[in-house]
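# Fold and contact review
Here is how the chains run, residue by residue.
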Amino acid sequence: MRGKPRRSMLSVRKLAPIVLLSGFVAYGLWFVRMLGQQVDVEAAVVVAAAAPAEAVAAAAERGPGSGKPNGRAAASSDAQRLSNAGHTGLRPASTAGAHCNYTAGGPSSGSVAQFMTALDAIPLPDRALVRGTRIDNPALTLSAWVYVEPRAFSIQDAGSGYIGLHADQTHSFHGAIDEVAIWHGALDAESIRSLVAGCGLPEQPGVTLVVREQFDVPSDAPRTGSAIQVQNLLFRLPVQATPGAHVPQVSATLQLTGVTFERDASPFPTAQEREASDELALLRREAVRSGFKHAWDGYKKYAWGQDELKPKTNASKNWLHQAATMVDSLDCLWIMGFKQDFYEARDWISANLHFTHAAPVSVFETIIRSLGGLITAYELSEDRVFLNKAVELGDVLLTAFQSPTGVPCTALSLSSGRCTFPSWTSQSAILSEYGTVQLELKSLTQHTGNPKYAAAAMRVMKLLHEQPMVHGMAPTYLSPKTGRFTNAVITFGALGDSYYEYLVKQWVYTGKQEVWLREMYDKSVDGMTSYMLFKSKPNDLGYIAEHNGRAYQHKMDHLVCFVGAMLALGAQDGRPTDERDMAVAEALTETCYQMYVRQPTGLSPEFVQFFPNANDFQVPNSAKYNILRPEAIESIFYLHYYTRKPKYRDMGWTMWQAFERWSRTASGYAAIPNVLDTSGKQEDKMESFWMAETIKYFYLLFDPSDPVKLEEHVFNTEAHPLRILKQPREELLGSHYSIHESSLSDAEDGG
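About the criteria used
Residues numbered from 1 in each chain as written. Predicted model: local features only at pLDDT ≥ 70, side-chain atom pairs only at ≥ 80, totals over all residues. Heavy atoms only, no water. Helix = DSSP H or I, 4+ residues; strand = E, 2+ residues; numbered from the N terminus. Buried < 20%, exposed > 50% of the residue type's maximum accessible area, 1.4 Å probe, protein only. Contact = heavy atoms within 4.5 Å. Areas by Shrake-Rupley, 256 points an atom, 1.4 Å probe, with all protein chains shown as cover. Phe/Tyr/Trp six-rings, centres within 6.5 Å; stacked < 30°, edge-to-face > 60°. Lys NZ or Arg CZ within 6 Å of the ring centre and 35° of its normal. Axes fitted to C-alpha atoms, helices over the stretch in contact; angles between N-to-C directions. Parallel < 35°, antiparallel > 145°, perpendicular 65-115°, else oblique. Left-handed = near helix turned anticlockwise from the far one by under 90°. Pairing = 2+ DSSP bridges. Disulfide = S-S within 2.5 Å. Core = buried A, V, L, I, M, F, W, Y, C linked by side-chain atoms within 4.5 Å. Polar contact = N/O pair within 3.5 Å; in protein donor to acceptor, adjacent residues only side chain to side chain. pLDDT = per-residue confidence, 0-100. Nonpolar A, V, L, I, M, F, W, Y, C, P; charged D, E, K, R; others polar.

What follows covers the overall build of the protein. In terms of regular secondary structure, the protein is built from 22 helices and 26 strands. Within the protein, buried positions represent 60% of all 751 residues. Expressed as a percentage of contacts within the protein between residues at least 6 apart in sequence, the contacts between residues at least 24 apart total 73%. Summed over all atoms, the accessible surface of the protein reaches about 29,100 Å², with 52% contributed by carbon and sulfur.

Now the structure itself:
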């Protein structure tokens, strides 16, 4: 027994040099391999160029059967493989075929060419930036953006908090790609082929998909060789832009759709029917109240003082560094009667909430969530702790409005004041962000008497008031240097949505005194109903399409579902358009409800696409997830408020039950990765807007006492109710800034 250790020690002495030498050799081989990949990408592209088209087609035929990730859930299951590949220098595997769909047709045929790519099925390496801008073929003009956070090894692995069309990365990717910009040297040839040409490229003359190299990269990014041509993919370096060298003309080839809707024919309820509806609603209200308390208690126990609760792992997440869920939930705590919890949060905020975080945060999200939440908490409780914090935050935020045009930057360091616009918009400002800060800043001026907050907001509105519009609608990008639009994309979804909402809400907030704001709103709604409104086949569901400046995209985001609420709010003034707008509001809200109830889980996807032969709409692979968004229940609440028809409460209850069944966890409510999957999979994410907006609208729908009356309050876009002003300060009004009746001009008229 005593000899065995001795023999083992002798063996170790003899083998140690061999093991050590082997380790050095292995490390050397690994280093050479990494060096070869990072430096010789040009050679890799040359090799890929030699691959015959038949090989690409064969890979496409393998599709999902190849064992590669196909969709969000599958990609998640391969997270460890992707992580290992990233750390060992292995190239990510291609996902050919499963993620591509190409249809072609010129504008005259009514079919717009699309190259659709479900990016969530494609593993990507570190530092990958994908950006769609423009393509030469007039029939192929669709664009989309996605950013993969450096620590993520696939789009699914990054999670919805890191992928987005907004710089704050809160809106998940969707859409089509016609041009791709990648960080210089970040993708090898195989990755590029998987990304853009996995299912083969169209053999249509004149169609050129362009992959550009983006040089706005970190200092440690790998550097590689020059661009070359691969098959019918053209790789080329971007032209170095000079300031003011090219400002795209705003124009759009929109066509009158001729779509109209009639009001819902169901009768308004009798007094007896309303009483019965209220009695049932009280029971449902308590179920929603209990759900809110369940989520609040989970946040309080596991994520107190942090931005978000992770409802699967009982951990926390910080991205805004402002206790977002706490601040966002204050008004719900008050309205639902949880006063003890409200004051516990007040005490924490008084002692611990400071706006000094160094890393850049979203100006837009900070204003609508934090500033809006603090102001509403002050109005409800009259506790000056909240107003003092709102002033502290407002003073910091004014740093964001120092561009030459006064347009606020996208991201701001609250400690240093460093202010930036996103590179993926070519440093342009985003309509739905700079156009959605006015209510909160005006309210801060109203409460403090200090005109500087409203002045910052109104400078932006004056700029917009003077812009040439496209049938009353604004493109999504604007240069903060020149004050001119830099693209021609028209959408009521991501990148555009809440700008239109704030036109009518600013008008309501200041006591309906601002004629010019109402004119801007009316022209935008006239443009939307005339040029953007469509009916599906075969059931005539109403939807609002998007337009990229050349062609329509027949898709509708869940975000667009706010339009029903917006139209209903604006149709209460005895105007000739009221009936039209209420009819469209009812039609759109019905479509949004169908986006829920047609799914196996009863939960809506992020967006749907409309096709003539698709039973109205389909759910693309890249849109299967649900992150607890509020827009559909928001419109259902508004329509019930103004019509009192019990059917809207029934619709809301159906949706609430689906959230209870599929999203509820032991400590909160979770996002759903696939609304078509009834296996019960959940994501470890609960956005603060679930507490601020979604649950609040459910609660208000079922509360017969109407604790927030729409005749007395206007909701900001985060559902924080602000009191409508009977006597607004002069600094809140357009006349103070020489804005009077509208002089709006349309791009079609030469703007």
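This part is about the packing of aromatic side chains. Counted according to the given criterion, the structure contains 28 aromatic pairs. The interplanar angle of 85° and the centroid separation of 5.8 Å between the aromatic rings of Trp296 and Trp304 together place this pair among those described as edge-to-face. Ring plane angle 20° and centroid distance 5.8 Å describe the contact between Phe534 and Tyr543, whose orientation is recorded as stacked. Residue Phe534 shares its accessibility class with Tyr543, and that shared class is buried. An aromatic cluster is built from Tyr596, Trp656, Phe659, Tyr669, Trp690 and Phe698, whose rings are joined through pairwise contacts. Taking the ring centre of Trp334 as reference, the NZ or CZ of Lys339 above it sits at 4.0 Å. Note that Arg518 overlies the ring of Trp507, its terminal NZ or CZ placed 4.7 Å from the centroid.

So, about the packing of helix α16 (residues 497-509) against helix α18 (residues 563-570). Their axes nearest at 10 Å, the elements α16 and α18 cross at an angle of 30°. Between α16 and α18, the angle is such that the two are roughly parallel. Viewed along their axes, α16 and α18 form a crossing whose handedness is left-handed. Between α16 and α18, the residues in contact are Tyr500, Glu501, Val504, Lys505 and Val508 and Met566, Leu569 and Gly570, respectively.

All right, on to the sheet that holds strand β23 (residues 617-618) then. Reading across from one edge, β21-β22-β23 is the order of the three strands in this open sheet, with antiparallel pairing throughout. Each edge of the sheet is formed by a strand with only one pairing partner; in this case those strands are β21 (555-557) and β23. Bridge analysis of β21 against strand β22 (residues 607-610) gives three bridges, and the strand direction is antiparallel. In the strand pairing of β22, Lys555 is matched with Gln609. In the packing of helix α19 (residues 578-597) onto the sheet, the strands contacted are β21, β22 and β23, and the crossing angle to β21 comes to about 85°.

To continue, consider the state of the cysteines. Under the criterion given, the structure shown has two disulfides. Between the sulfur atoms of Cys561 and its disulfide partner Cys592 the distance amounts to 2.0 Å. The disulfide joining Cys561 to Cys592 has a torsion of about -105° about its S-S bond and is therefore left-handed. Placement of the pair is Cys561 in the loop between β21 and α18 and Cys592 in helix α19, with a sequence separation of 31 residues. Like Cys592, Cys561 is buried. Disulfide connectivity for the protein, with bonded cysteines indexed by sequence position, reads 1-2, 3-4.

Right, let's get into the sheet that holds strand β13 (residues 419-420). Sheet architecture is open: three strands sit in the order β11-β12-β13, paired in antiparallel fashion. Each edge of the open sheet carries a strand with a single partner, namely β11 (361-362) and β13. Both β11 and strand β12 (residues 411-412) contribute to a ladder of two bridges, which runs antiparallel. Paired with Ser362 across the strands is Ala411, a residue of β12.

What follows deals with unusual backbone geometry. The linkage connecting Lys537 with the following residue, Pro538, adopts the cis geometry, with an omega of 10°. Positive phi, close to 65°, is recorded for Ala719, a residue that is not glycine. Secondary-structure assignment places Ala719 in the loop between β24 (713-715) and β25 (721-723).

Of all eight residues making up α18, eight are buried, and the element is well covered by its neighbours. Those residues of α18 that sit buried are Val563, Gly564, Ala565, Met566, Leu567, Ala568, Leu569 and Gly570.

Among the twelve residues in helix α9 (residues 324-335), twelve count as buried, and that is most of the element. Within the sequence span of α9, burial applies to Ala324, Thr325, Met326, Val327, Asp328, Ser329, Leu330, Asp331, Cys332, Leu333, Trp334 and Ile335. One or two positions beyond α9, positive phi appears at Gly337, with a value near 90°.

Judged by nonpolar contacts, the single largest core of 166 residues is most densely connected at Leu464, Val563, Leu567 and Trp690. Ranked by residues supplied to this core, first place goes to α19 with ten residues. Not counting the four nearest positions on each side in its chain, Leu464 is found in contact with Leu431, Tyr434, Met469, Phe485, Tyr499 and Met520.

Moving on: the environment of Asp341. Assignment of secondary structure puts Asp341 in helix α10 (residues 339-352). The exposure class assigned to Asp341 is buried, which follows from its relative accessible area of 8%. Between the C-alpha atom of Asp341 and that of Asp297, which follows or precedes it by 44 residues, the distance is 9.4 Å. Contact partners of Asp341, with chain neighbours within four places excluded, come to Lys293, Trp296, Lys300 and Leu333.

Along the chain, Arg263 falls in the loop between β8 (233-236) and α8 (271-302). Overall, the relative accessible area of 23% leaves Arg263 in the partly exposed class. Residues Arg263 and Val584 lie 321 residues apart in sequence; the distance between their C-alpha atoms is 7.9 Å. Those residues within four positions of Arg263 in sequence are excluded, and the remaining contacts are Phe268, Glu579, Met582, Ala583, Glu586 and Thr643. Within the local environment of Arg263, its side chain forms a polar contact with the side chain of Glu579, the two groups lying 3.2 Å apart.

Here the focus is the confidence of the model for the protein. Regions with low pLDDT carry predicted coordinates that are not meant to be interpreted in detail. In the predicted model, the protein carries a mean pLDDT of 75, and 65% of its residues have values of at least 70. Contacts of residues 1-14 to residues separated by more than four positions or lying in other chains number zero contacts, the stretch itself having pLDDT below 50. Segment residues 747-751 is flagged for pLDDT under 50; beyond a separation of four residues in sequence, or across chains, it makes eleven contacts in the model.

Further remarks concern the packing of α8 against helix α22 (residues 688-702). At a minimum axis distance of 8 Å, the contact between α8 and α22 shows a crossing angle of 165°. Looking at the two axes, α8 sits roughly antiparallel to α22. Here the hand of the crossing between α8 and α22 comes out left-handed. Of the residues in α22, those touching α8 at Ala281, Leu282, Arg284, Arg285, Val288, Arg289, Phe292, Ala295 and Trp296 are Trp690, Met691, Ile695, Phe698, Tyr699 and Phe702. In terms of residue class, the contact of α8 with α22 is made up of twelve nonpolar, no polar and three charged.

Now for the side chain of Glu546. With respect to the secondary-structure elements, Glu546 resides in strand β19 (residues 546-547). What makes Glu546 buried here is its relative accessible area of 10%. Within the structure, Glu546 has its side chain in polar contact with the side chain of Lys555 (distance 3.0 Å). Other than its neighbours up to four places away in sequence, Glu546 contacts Ile490, Thr491, Met532, Ala551, Tyr552, Gln553, Lys555 and Asp557.

Bringing the pairing of β22 into the picture now. Along β22, one buried face is formed by Phe607 and Gln609 and the opposite face, lined by Val608 and Phe610, is buried too. Across two bridges, β22 lies against β23 in antiparallel orientation. Across the sheet, residue Gln609 finds its bridge partner in β23, namely Gln618.

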